[in-house]
Amino acid sequence: MPAPAHIDPRLLRVFVTVAEELHFTRAAARLYVAQQALSRDVRRLERELGAELFLRTTRQVTLTVDGVRLLPYARRLLAAQDALLAAFGQARPLLVDLNSPGLETGRRVLRRARELAPDGELMARYESGLTGAAAELLAGRLDASFGRFAGLDPALRSGLEQQPVRFERMAVILPSDHRLAELAEVPLAALAGETVYAGAGNERTLEWTDLAFCLFEGRDVAVAPPLPLAVGEEEFERIMAKNRNPILAVVGFPAIPGTVARPLVDPVPLSPVSLVWRKGLVHPGVDALRRAAAELARAEGWLRRPSDGWIPAIDQDVMDDHK
């Protein structure tokens, strides 16, 4: 088998971590990835090299002869990469797009990441949905963002990496005098005949509008046509009050005067949120974000789906890819 033309350093880092731990679960915990994803990366490296690197039994993991041979080369390559990144200021500020000031998940992950990396500088901005942020990530003008990864065009996804963070419950924001406003929860069937605003026409939030179309398909709920793009909280509130359409949102969305927010049920629709960054980006701030996201998800059950939870099949595939 010919030698590979290129080996992803990330795969070598996975290999070295497993070689040091000789335990897939502990290695996965060190790298903040699911064990299934780590095993998949090891198999990919073995395929690219045409060599088996580990012997696995139910009791232990050991290096093969080829694994022993690869280890010093992998360590030297990773040390050189780390030195190169350090020489070019790896500790530069990390720019993270949180989409909107009122969204909880990204804000909490960033706050915890700052606690984990107090000597670093993680800068927040609030400008875009994930579709808009993805182009900035790929261009190197942005480092990380949050959102629905499965809703991105495959061409964008191919240049990015993601870590599932949370299934956010979805809600509908209603005018205070709406016929459904007195309900504590709004069954999806009760929205039949309504026209719901979900950001149609905003090129930066295509992933959210697509989620709305998936959710409302076959339920006799229309997605509102494009409205003037409102920049700023006051303008958004003015446009929404003028049009009086219910707004698709997530539980915990910032309050809007003259409206009430109600969780959606029967089924419980979920908005899948991932931490997203550019492939190949190595930065201590990204490590801190990944660790923070994993800690919060584990502590608060962010990735537990309710028994009647709903997400599109494509989202389930993307989120399961890291289990």
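Residues numbered from 1 in each chain as written. Predicted model: local features only at pLDDT ≥ 70, side-chain atom pairs only at ≥ 80, totals over all residues. Heavy atoms only, no water.

A. Just the overall build of the protein, in detail. A count of helical and extended segments in the protein gives 11 helices and 13 strands. Expressed along its principal axes, the backbone C-alpha trace of the protein runs to roughly 70 × 40 × 35 Å. The 323 residues of the protein split such that 47% are buried. Across the protein, contacts joining residues at least 24 apart in sequence account for 75% of those joining residues at least 6 apart. (Helix = DSSP H or I, 4+ residues; strand = E, 2+ residues; numbered from the N terminus. Buried < 20%, exposed > 50% of the residue type's maximum accessible area, 1.4 Å probe, protein only. Contact = heavy atoms within 4.5 Å.)

B. Local environment of the packing of aromatic side chains. Summed over all chains, the structure comprises 2 aromatic pairs. Pairing Phe15 with Phe54 gives two aromatic rings, centres 5.5 Å apart and planes at 50 degrees, and the pair type is tilted. Taken together, the residues Phe15 in helix α1 (residues 9-21) and Phe54 in strand β1 (residues 54-56) connect sequence positions 39 residues apart. Taking relative accessible area as the criterion, Phe15 reaches 1% and is therefore assigned buried. What makes Phe54 buried here is its relative accessible area of 0%. Chaining the aromatic ring pairs together yields one cluster made of Phe15, Phe24 and Phe54. One Lys or Arg, Arg76, reaches over the ring of Tyr73 and ends 4.9 Å from the middle of that ring. (Phe/Tyr/Trp six-rings, centres within 6.5 Å; stacked < 30°, edge-to-face > 60°. Lys NZ or Arg CZ within 6 Å of the ring centre and 35° of its normal.)

C. Fine view of the packing of α1 against helix α3 (residues 35-49). Running from N to C, α1 and α3 point in directions that differ by 110 degrees, and their axes come no closer than 9 Å. Of the possible angle classes, the one that applies to α1 and α3 is roughly perpendicular. Our pair here, α1 against α3, has a crossing hand that is left-handed. When α1 is examined against α3, the residues Arg10, Leu11, Leu12, Val14, Phe15 and Val18 are found in contact with a partner set consisting of Leu38, Asp41, Val42, Arg44, Leu45 and Glu48. Taken together, the residues of the contact of α1 with α3 break down into 8 nonpolar, no polar and 4 charged. (Axes fitted to C-alpha atoms, helices over the stretch in contact; angles between N-to-C directions. Parallel < 35°, antiparallel > 145°, perpendicular 65-115°, else oblique. Left-handed = near helix turned anticlockwise from the far one by under 90°. Nonpolar A, V, L, I, M, F, W, Y, C, P; charged D, E, K, R; others polar.)

D. Representation of the pairing of strand β11 (residues 259-265) within the structure. Bridge analysis of strand β6 (residues 160-175) against β11 gives 5 bridges, and the strand direction is antiparallel. If you follow Pro175 over to β11, its bridge partner there is Thr259. Summarising the sheet, strand β7 (residues 186-187) and β11 pair through 2 bridges and their orientation is parallel. Bridge pairing in β11 links Pro187 to Val265. (Pairing = 2+ DSSP bridges.)

E. Representation of unusual backbone geometry in the model. Following Asp266, the chain continues into Pro267 via a peptide bond in cis, with omega recorded as -5 degrees. The topology assignment puts Pro267 in the loop between β11 and β12 (268-278). Here the phi dihedral of Leu22 falls at roughly 50 degrees; this positive angle occurs in a residue that is not glycine. Take Leu22: it is sitting in the loop between α1 and α2 (24-31). Taking relative accessible area as the criterion, Leu22 reaches 35% and is therefore assigned partly exposed.

F. Spatial organisation of the pairing of β12. Burial analysis of β12 places 11 of its 11 residues in the buried class, which makes it a mostly covered element. As judged from the 4 bridges shared by strand β5 (residues 144-147) and β12, these two strands associate in the antiparallel manner. Each bridged residue has a counterpart across the sheet, and for Ser145 the counterpart in β12 is Val276. Across 9 bridges, the pairing between β6 and β12 is antiparallel. Bridge pairing links Pro164 to Ser274 in β12. Bridge count between β12 and strand β13 (residues 309-310): 2 bridges; the pairing is parallel. Residue pairing in the sheet places Val268 in a bridge with Gly309 of β13.

G. Region of interest: the pattern of salt bridges. Considering all chains together, one arrives at 19 salt bridges under this definition. Among the salt bridges present, the one from Glu300 reaches Arg108, with a minimum N-O distance of 2.4 Å. Separated by 192 residues along the polypeptide, Glu300 in helix α10 (residues 284-300) and Arg108 in helix α5 (residues 104-116) bring together distant segments of the chain. Across the pair Glu295 and Arg291 runs a salt bridge, and its minimum N-O distance is 3.3 Å. Taken as a pair, Glu295 and Arg291 lie in helix α10 at a separation of 4 residues, close to a single helical turn. Judged by relative accessible area, which is 33%, Arg291 ranks as partly exposed. (Salt bridge = Lys/Arg side-chain N within 4 Å of Asp/Glu carboxyl O.)

H. View of the environment of Ala124. Its location among the elements puts Ala124 in strand β4 (residues 122-125). Distance in space between the C-alpha atoms of Ala124 and Ala144 is 9.7 Å, their sequence separation being 20 residues. Other than its neighbours up to four places away in sequence, Ala124 contacts Val96, Leu98, Leu110 and Arg114.

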